[in-house]
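Survey of secondary and tertiary structure
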Amino acid sequence: MTIKIALADDEELFLEGLTRLLSVSKEITVTTTAEDGTALLRKLSEIEEGQFPEIVLADIQMQPMNGFELVEQLRKYYPDLRIIILSSHYRNAVFGQMIKLGVSAFLPKNSTRESLLNAIRSVHETGVYFSPGDHRMLLEYVKDKPKKHSIISSDELSEREIEVVKLICSELTNQEIGDKLYISKRTVESHRQRILEKIGARNTVGLVIYAIAHEIIPPSQYLGSV
């Protein structure tokens, strides 16, 4: 089984080079490419179900639709689609915006081929990827960011909610979590929704970030090989 990827970048040479780089890997198939967010959305709407990508790799600085706007649209219309941002603007401020939007990984454009492939594999398998550099930026973001209305909320989770968070981060389904905790699947779903509301996260990516930032799970669980 191959990982289906869509690419969006307004630098034609970079887009072409990235397509060739990924196409060399037997485990990855580039199903579509686009030179801006608008074109990507149009192409995604036309793709046959069997060829629909599992992961989108996109730049931030694109016109007429930038990466932030693209992520918002992808989250709205394709909530299960995982997103990796490749950007020259790899710094704390942008990283904070990315994690609030629920992006699965954030890599600098000068990443090595192996780092990129590792991130793609990790996002495909677990939904999230953090490099050691990401972890440092996360700690700085948590330290400096005002808590109110942030993904890093001051609301405390109950012991049961913390149990649920740990099991979600272990990639268990709602049914599997329910079986482990001797509660119904519907109760697990209620816990999950309540947790997301408490911490201000949009999806499981945000939940994982919260768990790492608050030392509910060890960073090593999602570092490097995530």
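The numbering scheme is per chain: residues are counted from 1 as the chain's sequence reads. For this predicted model, a pLDDT threshold of at least 70 governs which residues receive local features, and a threshold of 80 or more governs which side-chain atom pairs are given and counted, while totals over whole chains, interfaces and linings are taken from all residues. By convention in this description, side-chain values take in all heavy atoms of the structure and omit both hydrogens and water.

**Digging into the side chain of D9**
Its place among the elements puts D9 in the loop between β1 (3-8) and α1 (12-23). Burial classification: accessible surface area is computed with a 1.4 Å probe over protein chains only, and a residue below 20% of its type maximum counts as buried, one above 50% as exposed, and the rest as partly exposed. Of the residues examined, D9 reaches a relative accessible area of 3% and is grouped as buried. Whether two residues touch is decided by their heavy atoms; if any such pair falls within 4.5 Å, the residues are in contact. Not counting residues within four places of it along the chain, the set of residues in contact with D9 comprises F14, L15, A34, E35, D59, M62 and K109. Secondary structure follows DSSP: runs of H or I at least 4 residues long count as helices, runs of E at least 2 residues long count as strands, and numbering of each begins at the N terminus.

**Regarding unusual backbone geometry**
Cis geometry is found at the peptide bond from Q63 to P64, where omega equals 5°. Relative to the helices and strands, P64 resides in the loop between β3 (55-58) and α3 (67-77). One non-glycine residue with positive phi stands out, namely Y182, at about 60°. Considering the arrangement of structural elements, one finds Y182 in the loop between α8 (174-181) and α9 (185-199).

**Quick look at helix α2 (residues 37-46)**
Burial in α2 covers these residues: G37, A39, L40, L41 and L44. Elements in contact with the buried residues of α2: β1, β2 (28-34), β3 and α3. For α2, the N-terminal capping position is held by D36, with its side-chain oxygen 2.9 Å away from the main-chain nitrogen of T38. For the purposes of these results, a polar contact is taken to be a pair of N or O atoms within 3.5 Å, where, inside protein, one atom must be able to donate a hydrogen and its partner to accept one; residues adjacent in sequence count only when each atom of the pair is a side-chain atom.

**Considerations on the sheet that holds strand β5 (residues 105-108)**
The sheet built from five strands is open, its strands ordered β2-β1-β3-β4-β5 with parallel pairing. Lying at the two open borders of the sheet, with one neighbouring strand each, are β2 and β5. On average, adjacent strands in this sheet sit at an angle of 20° to one another, irrespective of strand direction. Sheet topology note: the β3/strand β4 (residues 82-87) ladder contains four bridges and is parallel. Looking across to β4, one finds that I55 is bridged to R82. Strand pairing follows a simple DSSP-based rule, namely that at least 2 bridges must link the two strands. The axes used here are C-alpha line fits, helices contributing only the stretch in contact, and every angle between their N-to-C directions lies in the interval 0 to 180 degrees.

**A few points about the packing of aromatic side chains**
Whether two aromatic rings pair depends on their centres lying within 6.5 Å, for rings of Phe, Tyr and Trp, where Trp uses its six-membered ring; planes under 30 degrees apart make the pair stacked, over 60 edge-to-face, and the rest tilted. Applying the stated criterion to the full structure yields one aromatic pair. A centroid spacing of 5.2 Å and a plane angle of 40° characterise the contact between F52 and Y78, whose relative ring orientation is tilted. Highlighted residues: F52 in the loop between α2 and β3 and Y78 in the loop between α3 and β4, separated in sequence by 26 residues.

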